[in-house]
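# Geometric and topological summary
Listed here are the chains, written in short residue letters.
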Amino acid sequence: MPVSRIDTSRDDTRVATLANGVRIVTIRMPHVHTASIGVFVRSGSAHESRLDNGISHFVEHMVFKGTLMRDARRINLDAERLGAEVNAHTDKDHTGYTMHGRPGDLPQLVDMLADLVRHPTFPAEELERERQVLLHECTEDEDDPLSTAFKLFDKACWGTHALAQSVIGPRRNIERFTRDALVDYLRRQYTGANVVVGAAGDIDVPAFEAAVTAAFGSMPAGSENLVAAPVYAGGVATKRLSGSSQAHLVLGFPLPGLSAGCPAGVLAAAVFGEGMSSPLMDRIREQRGLAYYTACSADVLDIAGQFVVEASTAPEQLDELLAETLKLLKTQAQRVEAEDLERAKAQLEVRRLRSHERPYRRLEDAVLDLYAIGRVRDSAEWCSTIAAVPAETVRAAFERLLAAGPTIALAGELPRAAGERVRTILASS
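Numbers given for residues are sequential positions, taken from 1 along each chain in its written order. Given that the model is predicted, a residue must reach a pLDDT of at least 70 before its local features are reported, and side-chain atom pairs must reach 80 or more before they are shown or counted; all residues, however, enter totals for whole chains, interfaces and linings. Heavy atoms from the whole structure form the basis of all side-chain values; hydrogens and water molecules are not counted.

A few words now on the confidence of the model for the protein chain. The score called pLDDT rates the predictor's confidence residue by residue, from a low of 0 to a high of 100. Summing up the model confidence of the protein chain, the mean pLDDT is 94 and the portion of residues at 70 or higher is 98%. A helix here means a DSSP run of H or I that spans at least four residues, while a strand means a run of E at least two residues long, and both kinds are numbered starting from the N terminus. Within the protein chain, strand E1 (residues 3-9) has the poorest average pLDDT of any element, 60, and helix H1 (residues 55-62) the best, 98.

As structure tokens, this is what we get:
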């Protein structure tokens, strides 16, 4: 099956599509002496039903336990004999399988990754062992107060929408997933319409495309794994955890998804909490000593995003920390200082350029662009878009955040009636 369509072709980046929908991304970086290759599947916890929650992560673990061609040891040995590293991750919006090796070995690396995602056997004895590994991982996650706070935050933000689900899933699901369930999920989700195979580095583009075509050209086309955007809920959620000496706060608001093409929320987060000189760090840590660490970020997926403030503090300082943070947000909704906007734009530009000096990060950003907007943006376009956002647009973004109402999650060592205290602060702020 030859490449059926060339969607993008620039000096360094090319996107081609096979007849079954599999997209091939190649990013030429001749100055890099290694190559990163990835198989990305538009399948994560946001694509799962409540009863299936956690299955994407389970599948990702199990594909390394044996295929039609290789047992678990051979999977690692074949990669390591080439000096290559092999890894994988699952997120809410996608699953990625990656290898890093020599550019000349790309055809073999493609073959190995194709074997993993197309021909796993899910051996029964390995499944039971890996189930125990995942249950241990689940226990660690449950014991982590900051992770607990983020899970509470997601649920309060998105309610019953699948975006609220954790990647690892609930313990009860991990305990009951069967081999047949994993096989069926892989068959339904891992289809050409949802797969992007990419490589970045000093690569031979025609040879890579030929290898991908041979390995993935017969994959069933399927249909896109699309999810409707969630409706923001908001609210307050708390959970006391023994063994923690701090209170962990996650506070946030909804943002448009990546597909909306609206960078104001990303810039607002950088203005508010990027770096030691930001209003958040300067006021909360340097002037008031309310937390050792606090930060603000924009977590933007294809269908929705979140403006997120996180902080850890002593339980007796929690009320003051929350009140001061809300006050700072209101100040930004009234006026964004020119020097803060200049700083934030420069920080975002440098962060983007640094990340795109790393082949794998550049590749993953390209893939997420393809899923969200159907094309790959280069760094110059992204940076110029950020640079063009005026202060008034950022100020208005803060105003919209506050109008939507906050989501607040607390976990760890909490003061008595923590939820009611939060609601009282919100009512008086």
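Here the focus is the state of the cysteines. We call a pair of cysteine sulfur atoms a disulfide whenever their separation is within 2.5 Å. Counted under the stated rule, the structure contains 0 disulfides. Looking at the unpaired Cys296, the closest cysteine sulfur is the one in Cys157, lying at 13 Å. Working definition: with a 1.4 Å probe on protein chains only, accessible area under 20% of the residue-type maximum means buried, over 50% means exposed, and in between means partly exposed. Classification of Cys296 as buried rests on a relative accessible area of 6%. Take Cys383: it sits in no disulfide, and the sulfur closest to it among the cysteines is that of Cys262, at 17 Å.

Our focus in this paragraph is the nonpolar core. Proteins that are soluble and globular tend to have nonpolar side chains buried together. Among the nonpolar cores identified, the biggest contains 51 residues, and Val59, Tyr97, Phe208 and Phe216 are the most heavily contacted of them. Counting residues per element, this core draws most heavily on helix H3 (residues 106-118), at 8 residues. In this description, a nonpolar core means a group of buried Ala, Val, Leu, Ile, Met, Phe, Trp, Tyr and Cys residues linked to one another through side-chain atoms lying within 4.5 Å. Membership of the second largest hydrophobic core comes to 43 residues, among which are Ala270, Val309, Val336 and Ile425.

Candidate patch residues must exceed 30% relative accessible area and have no salt bridge, after which like charges are joined if within 9 Å and Val, Leu, Ile, Met, Phe, Trp or Tyr side chains if within 5 Å. Each accessible area is a Shrake-Rupley estimate made with a 1.4 Å probe; only the visible protein chains count as cover when residues are assessed. Should a side-chain nitrogen of Lys or Arg be within 4 Å of a carboxyl oxygen of Asp or Glu, the pair is scored as a salt bridge. Positive charges come from Lys and Arg alone, negative charges from Asp and Glu alone, with His and the N- and C-terminal ends not counted. Working definition for charges: the position is that of NZ of Lys, CZ of Arg, CG of Asp or CD of Glu. A surface patch of like charges, here positive, comprises Arg50, Lys155, Arg172, Arg176 and Lys239. Here Lys155 shows up in helix H5 (residues 145-158). Under the relative-accessibility criterion, Lys155 is labelled exposed at 54%.

The subject of this paragraph is helix H13 (residues 359-373). Because each turn of an α-helix spans 3.6 residues, side chains separated by three or four positions in sequence point in the same direction. Here the expected span of a helix is defined as 1.5 Å times the quantity of residues minus one. Taking 1.5 Å per residue, 15 residues should reach 21 Å; H13 reaches 21 Å between its end C-alpha atoms and fits that length. Those residues of H13 that sit buried are Pro359, Tyr360, Arg362, Leu363, Glu364, Asp365, Ala366, Val367, Asp369, Leu370, Tyr371 and Ala372. Gly374 sits one or two residues past H13 and shows a positive phi near 80°.

What describes two packed helices is the angle between their axes and the distance between those same axes. Every axis in this analysis is a line fitted to C-alpha atoms, fitted for helices over the stretch in contact. Angles between the N-to-C directions lie between 0 and 180 degrees. The contact between H1 and helix H4 (residues 124-143) brings their axes to 10 Å, and the two run at 125°. Between H1 and H4, the angle falls in the class oblique. Seen from above, H1 lies across H4 with right-handed handedness. Taken together, the residues of H4 that come into contact with H1 (itself represented by His57, Phe58, His61 and Met62) are Glu126, Leu127, Glu130, Arg131, Leu134 and Glu137. Three residue categories are used. Nonpolar comprises Ala, Val, Leu, Ile, Met, Phe, Trp, Tyr, Cys and Pro, charged comprises Asp, Glu, Lys and Arg, and polar comprises the others, including Gly. Broken down by class, the residue content of the contact of H1 with H4 amounts to 4 nonpolar, 2 polar and 4 charged. An angle below 35 degrees is read as roughly parallel, one above 145 as roughly antiparallel, one from 65 to 115 as roughly perpendicular, and any other as oblique. Here is the rule for handedness: rotate from the far helix to the near one, and if that takes an anticlockwise turn smaller than a right angle the crossing is left-handed, while a clockwise turn gives right-handed. What makes two residues a contact is simply this: any of their non-hydrogen atoms within 4.5 Å.

For strand E3 (residues 23-28), the buried fraction is high: 5 of the 6 residues fall into the buried class. Should DSSP find at least two bridges between two strands, the strands are taken to pair. Looking at chain direction, strand E2 (residues 13-18) and E3 are connected through 5 bridges and run antiparallel. The residue bridging Thr13 from the neighbouring strand is Ile27, located in E3. Hairpin connection, E2 to E3: the antiparallel pair is bridged by 4 residues, and Gly21 has positive phi, about 100°. The pairing of E3 with strand E7 (residues 195-201) spans 6 bridges and is parallel. Paired with Arg23 across the bridge in E7 is Val196.

Adjacent strands of a sheet pair through backbone hydrogen bonds, lying either parallel or antiparallel. On the basis of which strands lie adjacent, the open sheet formed by 5 strands has the order E8-E12-E9-E11-E10 and mixed pairing. Of all the strands in the sheet, just strand E8 (235-240) and strand E10 (294-300) have a single pairing partner and so form its edges. Sheet twist, expressed as the mean angle between neighbouring strand axes with direction ignored, is 15°. Of the strand pairs in this sheet, E10 and strand E11 (residues 304-313) are connected by 7 bridges, and their pairing is antiparallel. By the bridge assignment for E11, Asp299 is matched with Gln306. Together, E8 and strand E12 (407-412) form the strand contacts of helix H16 (residues 418-428), whose direction differs from that of E8 by roughly 150°.

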